[in-house]
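Secondary and tertiary structure notes
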Amino acid sequence: MAEFTFTAQSKSGDVVKGHVEAASREAATEMLVKQGNRPISIVEASTKFNPLAFIQSGIKSSDLVIFTRQLSTMVSAGVPLLRALTTLGEQTENKTFKDILATISKDVQSGTSLGDAFAKHPKAFSDVYINMVRAGEAGGILDDILKRLALQQEKNDSIKKKVKSAMTYPIILVVITIGAFFGLMLFVIPQIGKILLDLGGPDAQLPMITQVMLGLSNFMVERWYILLGGIAGAVFGLRTYIRTPKGKHQFHYLMVRAPILGPVITKVAVARFARTFSSLIGAGVNMLETLRVTGNAIGNEVFRQELEEAASAVTSGQQLSSALAKGGLFPAIVPQMLAVGEETGKTADILIKVADFYEEEVDTTIAGLSSIIEPVMIVFMGGMVGLVAVSVMGPIASLSQNIQ
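Residues numbered from 1 in each chain as written. Predicted model: local features only at pLDDT ≥ 70, side-chain atom pairs only at ≥ 80, totals over all residues. Heavy atoms only, no water.

Of the regular secondary structure elements, the chain holds 17 helices and three strands. Relative to its 404 residues, the chain shows a buried fraction of 38%. When the accessible surface of the chain is split by element, carbon and sulfur atoms take 62% of a total near 22000 Å². (Helix = DSSP H or I, 4+ residues; strand = E, 2+ residues; numbered from the N terminus. Buried < 20%, exposed > 50% of the residue type's maximum accessible area, 1.4 Å probe, protein only. Areas by Shrake-Rupley, 256 points an atom, 1.4 Å probe, with all protein chains shown as cover.)

Right, dumping it as C-alpha cells:
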C-alpha cells in the first residue's frame with residue numbers, strides 16, 4: 001500500500017485536500033470517485049526523487065505538442081474522440097507514448113472522461129494540461145482548449161530551448177577550465193616543482209604563490225581520494241538539502257536574487273505565470289484552482305509560495321492584483337495589468353499580452369547575456385592559466401639568473 005496526496009472537488013464544489021492509502025494511483029482515483037469526489041491531482045507521497053524520471057518517461061515535449069495540435073484539429077473536424085485517440089496512438093512513433101494513448105483510449109471507451117484518463121498518467125500530462133482539458137470538456141470547447149494548450153506548450157518549449165542554448169557555451173567553458181586546472185595541478189606542476197628543487201636545492205626560497213601552488217598540487221596528488229570524497233560529499237549533501245522543502249525554497253530564492261541569472265529567471269517565471277494563468281482562466285477554471293495549478297507550473301518555490309499567499313488573500317476578499325502588488329515579487333507591470341483586466345473583465349486577454357511582452361524580454365536578455373558571458377569566461381580561463389604561469393615561470397627565471 002502506498003500513500004497518496006490528493007486534491008479533489010467535492011459534490012458541493014469545494015476543493016478538498018488530503019491523504020489516502022491505496023495499492024496504486026488508479027485505485028486511489030477510484031476510491032475518491034466512490035466517495036463522491038472529483039480528483040484534480042493525485043501524487044504519491046512516498047515517491048522518491050529520481051533525476052532520470054523525465055528520461056525514463058520517454059516522452060518529449062515535441063511529442064506532446066504534436067499530439068495536442070493533431071487532437072485539436074481532429075476534434076474540430078468532428079472526428080469522434082475515441083477514433084481520434086486511437087488514430088493518433090497508432091501513428092505515433094514513440095513507443096511509451098503509444099502505450100499511454102492505448103490505455104487512455106480504453107479508459108475513454110469505458111466511460112472515463114478525457115481529463116480523468118489523462119490524470120492517470122502524471123509523467124506525460126501536467127496538472128495544467130489535465131485541468132484545462134477538464135474545463136474544456138465541461139464547457140464544450142475542448143477543441144479551442146487544445147489549441148491553447150498546444151500554443152502554450154510551444155511557447156514554454158521555446159523558452160526552455162533558448163535558456164539551455166544560452167547556458168551551453170558557458171558550461172562547456174567552465175568544464176574545460178576546471179579540467180585544464182586539474183590537469184595542470186596533477187601532471188604539470190609536480191614535474192615543474194621537481195625542476196625547481198633541482199635548480200635551487202632544498203633550501204631555495206620560492207615566492208609565496210609558488211609555494212601555495214606546489215602545496216596544493218602535492219595535496220591533490222597524494223590525497224586525491226580525500227579531494228574526490230569531499231567533492232562527492234559536498235555535491236550529495238547539497239542535492240539532498242535542495243530536495244527538502246526548506247532547501248528547495250532557499251535555493252530558488254538565491255536563484256531569483258542572483259545578480260545575472262536572477263532577472264532572467266524572474267522574466268521566465270512571469271511569462272510562464274501569465275500564459276498559464278490566462279489559459280486556465282480562459283478555460284473557465286475557478287480562480288483558486290488556477291492559482292494553485294499555475295504556482296506548481298512555474299517550477300519555482302518562491303513564486304509558488306507568493307501565489308499561495310495571493311490565493312489566501314483572494315479568499316478573504318482581496319483583488320488578485322492588490323495581493324500580488326503587496327507581495328513585491330512580481331514586476332509592477334503585472335499587478336497593474338491585472339488590475340486593468342479585473343476592471344474590464346478581460347484578464348485572460350491582457351495576460352496574454354503580458355506573456356508575449358516578457359517572452360520577448362527573455363529573448364533580448366538572453367541574447368545580451370550570451371554576448372557578455374563569452375568574454376567573461378575567456379578572461380576567467382586566461383586568469384587561471386596566467387596564475388599558474390606566474391607561479392611557475394617567475395621562480396624559474398629568478399633561479400636561472402642566480403645560476404648565471
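Before going further, it helps to examine the packing of aromatic side chains. All chains considered together, the criterion is met by 12 aromatic pairs. Pairing Phe357 with Tyr358 gives two aromatic rings, centres 5.1 Å apart and planes at 85 degrees, and the pair type is edge-to-face. Looking at Tyr358, the relative accessible area reads 6%, which means it is buried. Ring pairing ties together the aromatic residues Phe67, Phe97, Phe118, Phe125 and Tyr129, which thus form one cluster. (Phe/Tyr/Trp six-rings, centres within 6.5 Å; stacked < 30°, edge-to-face > 60°.)

A cluster of nonpolar residues, Phe219, Trp224, Tyr225, Ile226 and Leu228, forms a patch on the protein surface that exposes about 540 Å² of accessible area. In terms of residue count, helix H10 (residues 224–243) provides more of the nonpolar patch than any other element does, four residues in total. Topologically, Ile226 is positioned in helix H10. Exposure remark for Ile226: the relative accessible area of 43% places this residue in the partly exposed category. (Patch = residues over 30% accessible without salt bridge, like charges linked within 9 Å, V, L, I, M, F, W, Y side chains within 5 Å. Salt bridge = Lys/Arg side-chain N within 4 Å of Asp/Glu carboxyl O.)

Relative to the helices and strands, Glu301 is located in helix H14 (residues 301–315). Residue class for Glu301 comes out buried when judged on its relative accessible area of 17%. Within the structure, the side chain of Glu301 is placed 3.0 Å from the side chain of Arg304, a separation counted as a polar contact. Beyond its immediate sequence surroundings of up to four residues, Glu301 is in contact with Lys248, His249 and His252. (Polar contact = N/O pair within 3.5 Å; in protein donor to acceptor, adjacent residues only side chain to side chain. Contact = heavy atoms within 4.5 Å.)

Taking 1.5 Å as the rise per residue, helix H7 (residues 127–139) with 13 residues should run 18 Å; its terminal C-alpha atoms sit 18 Å apart, in good agreement. For H7, the full list of buried residues reads Val128, Tyr129, Ile130, Asn131, Met132, Val133, Arg134, Ala135 and Gly136. Of the residues one or two after H7, Gly140 is the one with positive phi, at around 70 degrees. (Expected span 1.5 Å × (residues − 1).)

This paragraph deals with the environment of Ile373. Residue position: Ile373 is located in helix H17 (residues 347–403). On the accessibility criterion, Ile373 (18% relative accessible area) is buried.

Quick look at the pattern of salt bridges now. A full pass over the atoms with the stated rule returns 11 salt bridges. In this structure, Lys120 engages Asp107 in a salt bridge whose closest nitrogen and oxygen atoms are separated by 3.7 Å. Here Lys120, found in the loop between helix H6 (114–119) and H7, pairs with Asp107, found in helix H5 (residues 95–109); they are 13 residues apart in sequence, far enough to count as distant. For the residue pair Lys120 and Asp107, the accessibility class agrees, reading buried in each case. A salt bridge links Lys267 to Glu361; the nearest nitrogen and oxygen atoms lie 3.4 Å apart. In this pair, Lys267 is assigned in helix H12 (residues 261–282) and Glu361 in helix H17, connecting sequence segments 94 residues apart. Owing to a relative accessible area of 18%, Lys267 belongs among the buried residues under this scheme. On the accessibility criterion, Glu361 (27% relative accessible area) is partly exposed. Through salt bridges with shared partners, one network takes in Arg275, Asp356 and Glu359.

What follows covers the nonpolar core. Counting 37 residues, the largest nonpolar core has Phe273, Phe303, Leu320, Leu324 and Phe330 as the members making the most contacts within it. Those elements that provide at least two residues to this core are helix H8 (142–200), H12, helix H13 (287–298), H14, helix H15 (320–327), helix H16 (333–344) and H17. Examining the composition of this core, we find that nine residues originate from one element, H17, more than from any other. Ignoring any residue separated from it by four or fewer positions in sequence, one finds Leu320 in contact with Phe277, Met287, Leu291, Ala310, Val314, Leu338 and Glu342. Counting residues in hydrophobic clusters, the runner-up holds 33 residues, among them Leu114, Phe125, Ala135 and Val293. (Core = buried A, V, L, I, M, F, W, Y, C linked by side-chain atoms within 4.5 Å.)

This paragraph deals with H5. The end-to-end C-alpha separation of H5 is 21 Å, in line with the 21 Å expected for 15 residues at 1.5 Å each. Residues Phe97, Ile100, Leu101, Ile104, Ser105, Asp107 and Val108 constitute the buried set of H5. For H5, the arc enclosing every buried residue in end-on projection is 160 degrees, short of the 170-degree limit, so these residues lie on one face. Opposite the packed face of H5, turned more than 90 degrees from it, sit the exposed residues Lys95, Lys106 and Gln109. (Arc of directions from axis to C-beta.)

Close contact between helix H9 (residues 208–222) and H10 brings their axes to 4 Å; oriented N to C, the two are set at 85 degrees. Between H9 and H10, the angle is such that the two are roughly perpendicular. When H9 is examined against H10, the residues Phe219, Met220, Val221 and Glu222 are found in contact with a partner set consisting of Trp224, Tyr225, Ile226 and Leu227. The residue inventory of the contact of H9 with H10, partitioned by class, reads seven nonpolar, no polar and one charged. (Axes fitted to C-alpha atoms, helices over the stretch in contact; angles between N-to-C directions. Parallel < 35°, antiparallel > 145°, perpendicular 65-115°, else oblique. Nonpolar A, V, L, I, M, F, W, Y, C, P; charged D, E, K, R; others polar.)

Spatial relationships are all this shows, so hold off on functional conclusions.
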